[in-house]
Amino acid sequence: MCPQPILYFDHSATSWPKPPGVAEAMQEALLEAGGNPGRGAHSLALAAEHTVTRARGDVARLLGVPDARDLVFTPGCTFALNLVLKGTLRRGDRVVVSALEHNAVVRPLHVLAARGVKVARVQADSEGHIDADAVERSVAASATRMVICQHASNVTGAIQPVADLADIAHEHGAVMVVDGAQAAGHLPLDLATLGVDAYACSGHKGLLGPQGVGVLYLAPGLSPVELVQGGGGGPSEEPAQPDIRPDRYEAGTGNTPGAAGLGAAARYLLEHGAEIERRERSLTRRLHEGLLGIPGVKVLGPAIDVPRAPVVSMTHDRIPPDEIAFSLDRRYGIAVRAGLHCSPWTHSMTGTLETGAVRFGLGWNLTEDDVDRALEAVREVCAGS
Ligand code: PMP
């Protein structure tokens with residue numbers, strides 16, 4: 001149970017609360033559709049199958065995926081990224097990656113580098129943007145199998161030109177993989193036209209679903225060969241994993257209540273997403289502007305007039321981030337996150353590798369009043385009162 005009324009600014013870690021319909025859909029999956037989807041033809045198994053198929057269809061509509069079979073349910077964004085990176089990259093392959101990536105990309109690449117995959121990093125500018133020309137120079141310098149870039153930063157909120165990067169990758173015969181953890185549900189997204197080959201999402205952040213479920217979009221032309229896991233499911237009993245989507249990548253019994261919750265969240269976003277995006281944009285600017293007016297505060301990443309995802313991270317010239325976060329929580333009931341946010345590469349770029357930063361992750365349920373209360377609290381904490 002929640003210990004006190006919380007002003008929740010940690011949506012970049014996980015969204016909370018969830019919109020109406022999510023918990024109900026999960027409960028319904030457990031109480032009324034509790035069979036195993038795709039296993040058996042009795043009514044509860046068919047109801048579970050219907051739950052998963054409906055959820056996949058609704059998430060596909062939300063993300064602009066024409067054929068829902070190209071969407072794989074995973075346990076999260078981390079799993080989705082592991083699936084596509086480890087399934088595709090082989091010894092001798094070269095991958096070009098932005099120097100801003102989250103550990104969900106950095107660590108699988110570390111493993112792959114030990115297996116003989118060559119990793120070339122492209123640096124960002126001082127605001128945390130990747131320059132498409134720099135990516136092109138790197139891709140053109142040597143045969144490249146894959147370009148990887150996040151769509152939006154979980155530290156600075158910087159939005160990367162992933163459609164341009166996809167064009168560059170394709171011109172040079174590479175595939176484009178995007179980490180969409182901080183973009184999906186926050187930024188307008190139409191995967192049919194974005195042109196990327198793989199797009200990985202957390203279900204529990206901007207997509208407003210529960211934890212333990214994510215999605216991986218795999219364009220029809222990209223089929224990771226090596227499987228992270230093989231097992232039951234699909235139409236045949238041959239030892240080889242069936243070569244049909246999405247079954248090939250969903251071996252074993254999946255997270256049916258999670259998919260049901262994510263499907264309900266997708267339906268909520270299909271109805272309210274445009275209005276939520278507008279509000280998040282304006283609240284993000286209000287918070288950014290307000291923080292800039294507090295003596296000693298520095299905001300990381302893009303300048304105020306540059307579009308960003310609803311993530312604003314700050315440091316103070318005197319008070320360490322963890323002290324600020326602790327005071328906000330204990331004295332004001334404001335939940336933010338302090339630290340390195342699983343992104344040491346980005347903290348190196350912003351000069352905050354030693355200290356970390358205080359991160360405000362904005363979300364669907366926040367109001368102007370919430371932002372003003374948070375700003376007042378930061379003002380008081382930073383004044384040492
Ligand atoms: N990439 C980025 C940019 C993230 O912010 C996160 C979550 N912090 C992830 C990947 C991993 O997401 P998950 O923990 O949901 O697997």
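This one's a predicted model, so the numbers in the text were calculated from it and none came from an experiment.

## Focus on the sheet that holds strand β5 (residues 146-150)
The 7 strands lie next to each other as β2-β8-β7-β6-β5-β3-β4, forming an open sheet whose pairing is mixed. In this open sheet, the two strands that pair with only one neighbour each are β2 (71-74) and β4 (118-122). Averaged over all pairs of adjacent strands, the angle between their axes in this sheet comes to 20°, without regard to strand direction. In the packing of helix α2 (residues 43-63) onto the sheet, the strands contacted are β2, β7 (198-202) and β8 (214-218), and the crossing angle to β2 comes to about 115°.

## Some words on the pattern of salt bridges
All told, the structure shown has 17 salt bridges when counted by the stated rule. Its salt-bridge partner being D305, residue R285 comes within 2.9 Å of it at the nearest N-O pair. Here R285, found in helix α8 (residues 256-292), pairs with D305, found in the loop between β9 (297-299) and β10 (311-316); they are 20 residues apart in sequence, far enough to count as distant. For R285, a relative accessible area of 35% corresponds to the partly exposed category. Given the relative accessible area of 60%, D305 is considered exposed. When the shortest N-O distance is used, the salt bridge between D372 and R286 registers 2.9 Å. With D372 in helix α11 (residues 368-382) and R286 in helix α8, the pair connects residues that are 86 residues apart, well separated along the chain. Salt bridges here are not isolated pairs; linked through shared partners, they connect R54, D58, R61 and R267.

## A word on the packing of aromatic side chains
To describe a pair of aromatic rings, you give the distance between the ring centres and the angle between the ring planes. Per the stated rule, a full pass over the model turns up 3 aromatic pairs. Relative to W16, the ring of Y8 has its centre 5.5 Å away and its plane inclined at 65°; by these criteria the two rings are edge-to-face. A relative accessible area of 12% places Y8 in the buried class. Measuring from ring centre to ring centre gives 5.6 Å for F9 and F360, while their planes differ by 80°; the resulting arrangement is edge-to-face. Residue F9 is located in the loop between β1 (7-8) and α1 (22-31), and its partner F360 is located in strand β13 (residues 357-361); the two are separated by 351 residues in the primary sequence. Judged by its relative accessible area of 0%, F360 is buried.

Parameters at a glance
Residue numbers here run from 1 along each chain, matching the order of that chain's written sequence. Only residues with pLDDT of 70 or above have their local features reported here, since the model is predicted, and side-chain atom pairs are shown and tallied only from 80 upward, although totals for entire chains, interfaces and linings are computed over all residues. Working from all heavy atoms in the structure, the side-chain values ignore hydrogens and water. By the convention used here, strands pair only if DSSP detects at least 2 bridges between them. Helix and strand assignments come from DSSP, with helices taken as H or I runs of at least 4 residues and strands as E runs of at least 2, each series counted from the N terminus. In this analysis, axes come from line fits to C-alpha atoms, helices being fitted only over the stretch in contact, and the angle between any two N-to-C directions falls in the range 0 to 180 degrees. Two residues form a contact once any of their heavy atoms are found within 4.5 Å. What makes a salt bridge here is a side-chain nitrogen of Lys or Arg within 4 Å of a carboxyl oxygen of Asp or Glu, nothing more. Remark: exposure states derive from per-residue accessible area (1.4 Å probe, protein chains only) relative to the maximum for the residue type, with buried under 20%, exposed over 50%, and partly exposed in between. Under the pairing criterion, centres of Phe, Tyr and Trp rings, with the six-membered ring standing for Trp, must be within 6.5 Å; the plane angle then separates stacked pairs below 30 degrees from edge-to-face pairs above 60, leaving the rest tilted.

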